[in-house]
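Letter by letter, the chains look like this.
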2 protein chains.
Amino acid sequence: MVARGRYAKGVAKREEILQVALDVVAEVGYRKASNREIAARVGLTQPGLMHYFGSREELYMEVLRARDERDLGEFMDPDPSFAGFLSIIEHNVSVPGLVRLFVEFSAEATMVGHPAHEYFVERYAWARGVLTGVIDRAQKSGELGATLDPKIAVDIVLAAADGLQVQWLLDPEVDMVERLSRLWDGIRLASRRD
Amino acid sequence: MVARGRYAKGVAKREEILQVALDVVAEVGYRKASNREIAARVGLTQPGLMHYFGSREELYMEVLRARDERDLGEFMDPDPSFAGFLSIIEHNVSVPGLVRLFVEFSAEATMVGHPAHEYFVERYAWARGVLTGVIDRAQKSGELGATLDPKIAVDIVLAAADGLQVQWLLDPEVDMVERLSRLWDGIRLASRRD
């Protein structure tokens, strides 16, 4: 029972750290979010903080993993659709700290050898898989024409969604959901014309 | 003559610093590119380096300004076209250090209050202006249908180009030029169907 209580406390502490890390990113940006600040807010020393996650990068990968898992379950389950994808984007508008974390962290991790490089390579492969499922279903239902090359469409939708995040962070008036809906309309129209 | 010689030397030194800063970003990424390393490579102290640019951010804004000016002159002059835009993207493949700098620096500068925030807000307004010109000409020539909303198309092309840079940095097999050509084909087809 004692061990169990200690384990539960450890889990709660991890959750608390993930939340605080996200708060700090939302306030000062990813680059300036320091382990010192996060440790202070959760009442730990820096080595104490690293006991939970091993490294700064591991901590932020964990934040993003938890987000993807939740988004997938909430918006893409059981049938991934473009409407579900748009719901994720719409939800993102309410969590600018997460969007900022993703944009800054992925940018930095493009560097080969970066501790999160492999994580992002795999994360993009995963996102491509999810969107390939969306397009595959839309082609089977006839919403998209059969001549559309899914690989190209997936890369473009993913790229547009990423790029719009930067535009939106710079100018919150940019409506990511509307832009992506219009892109989807265009893909639909073009897919029936080839 | 002495003053003139000193001025010319100052200009040459600035050029040298810009080039070395770019080399260092290409090697270790923007985040880890330190003033110390750059100063050492150009034979200056850190305060000596800052004498030329005032701040780390000013130095990198200058690198990007010089790039945009060159690209615009080389690929978009006198008549901005989508082919010219694709030539810039194709050129980018040969300068990954610049692409990395743009991706990392713009991500970080989305934060309000960041020293380069205003620079990127203005840079996006500028890029939108250039692309609006491209689309306007294509509509006038009949390449694009008249019902296309230029504002939406501009944001999507810009976003796709930005997002593809991240995909390409993570995986150099991603062909940015081909993806953007296909996006343009799709915009063209869709613009004639509304």
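Small disclaimer: the values here were computed from a predicted structure and weren't measured. (Residues numbered from 1 in each chain as written. Chains lettered and ligands numbered in written order. Predicted model: local features only at pLDDT ≥ 70, side-chain atom pairs only at ≥ 80, totals over all residues. Heavy atoms only, no water.)

K.L.:
How do you make sense of the UniProt feature "domain: HTH tetR-type" (unreviewed entry) in chain A when you look at a structure like this?
P.N.:
According to UniProt, the positions carrying the feature "domain: HTH tetR-type" (unreviewed entry) are residues 11-71 of chain A. In the segment residues 11-71 of chain A, helix accounts for 80% and strand for 0%; the C-alpha atoms at its two ends are 21 Å apart. (UniProt positions renumbered as here; feature names shortened; annotations may be inferred. Helix = DSSP H or I, 4+ residues; strand = E, 2+ residues; numbered from the N terminus.)

K.L.:
Sorry if this is basic, but what is going on with the domain arrangement of chain A here?
P.N.:
The parts lose accessible area when they come together, and the size of an interface is often stated as this lost area. All names here are of chain A. In terms of domains, chain A is made up of domain 1 (1-54) and domain 2 (57-191). Inter-centroid distance (C-alpha atoms) of domain 1 to domain 2 is 27 Å. Taken residue by residue, the interface counts 13 residues in domain 1 and 12 residues in domain 2. Approximately 1200 Å² of surface area, both sides summed, lies buried where domain 1 meets domain 2, with 75% of it carried by carbon and sulfur atoms. At the junction of domain 1 with domain 2, the criterion picks out three residue pairs in polar contact (both at pLDDT 80 or more). The element that contributes the greatest number of residues to the side of domain 1 that touches domain 2 is helix α1 (residues 2-28), accounting for seven residues. When the residues that make up the side of domain 1 that touches domain 2 are grouped by side-chain class, the tally is 10 nonpolar, one polar and two charged. (Domains from an automatic or database assignment. Contact = heavy atoms within 4.5 Å. Buried area = accessible area lost by both parts, 1.4 Å probe. Polar contact = N/O pair within 3.5 Å; in protein donor to acceptor, adjacent residues only side chain to side chain. Nonpolar A, V, L, I, M, F, W, Y, C, P; charged D, E, K, R; others polar.)

K.L.:
Explain the relation of the copies chain B and chain A to me, please; I cannot follow it from the model alone.
P.N.:
Two copies of a chain can be linked by a rotation about an axis combined with a shift along that same axis. When chain B is brought onto chain A, the operation consists of a screw motion whose angular component is 180° and whose axial shift is 0.0 Å, with 0.0 Å RMSD remaining. Considering both components of the superposition, the chain copies are consistent with a two-fold axis. (Least-squares fit on C-alpha atoms with pLDDT ≥ 70 in both.)

K.L.:
I tried to follow unusual backbone geometry on my own but got confused; where do I start?
P.N.:
Cis geometry is adopted by the peptide bond preceding A:P78, which originates at A:D77 and carries an omega value of 0°. Looking at where A:P78 falls in the secondary structure, it is placed in the loop between α4 (56-75) and α5 (82-92).

K.L.:
Can you help me understand the environment of B:R100 in this one?
P.N.:
Of note, B:R100 is situated in helix α6 (residues 96-109). Along the primary structure B:R100 and B:D185 are separated by 85 residues, whereas in three dimensions their C-alpha atoms are 27 Å apart. Setting aside anything within four residues of it in sequence, one finds B:R100 in contact with A:T110, A:M111, B:V25, B:G29 and B:L169.

K.L.:
So what exactly am I meant to see when it comes to the interface of chain B and chain A here?
P.N.:
Contacts between the two partners involve 46 residues from chain B and, on the opposite side, 46 residues from chain A. Interface of chain B and chain A: buried area, both sides summed, is about 4000 Å²; carbon and sulfur atoms make up 63% of it. Taking the shortest distance from any N to any O, the salt bridge between B:R179 and A:D155 comes out at 2.6 Å. Here chain B and chain A share 10 residue pairs in polar contact (both at pLDDT 80 or more) between them. (Salt bridge = Lys/Arg side-chain N within 4 Å of Asp/Glu carboxyl O.)

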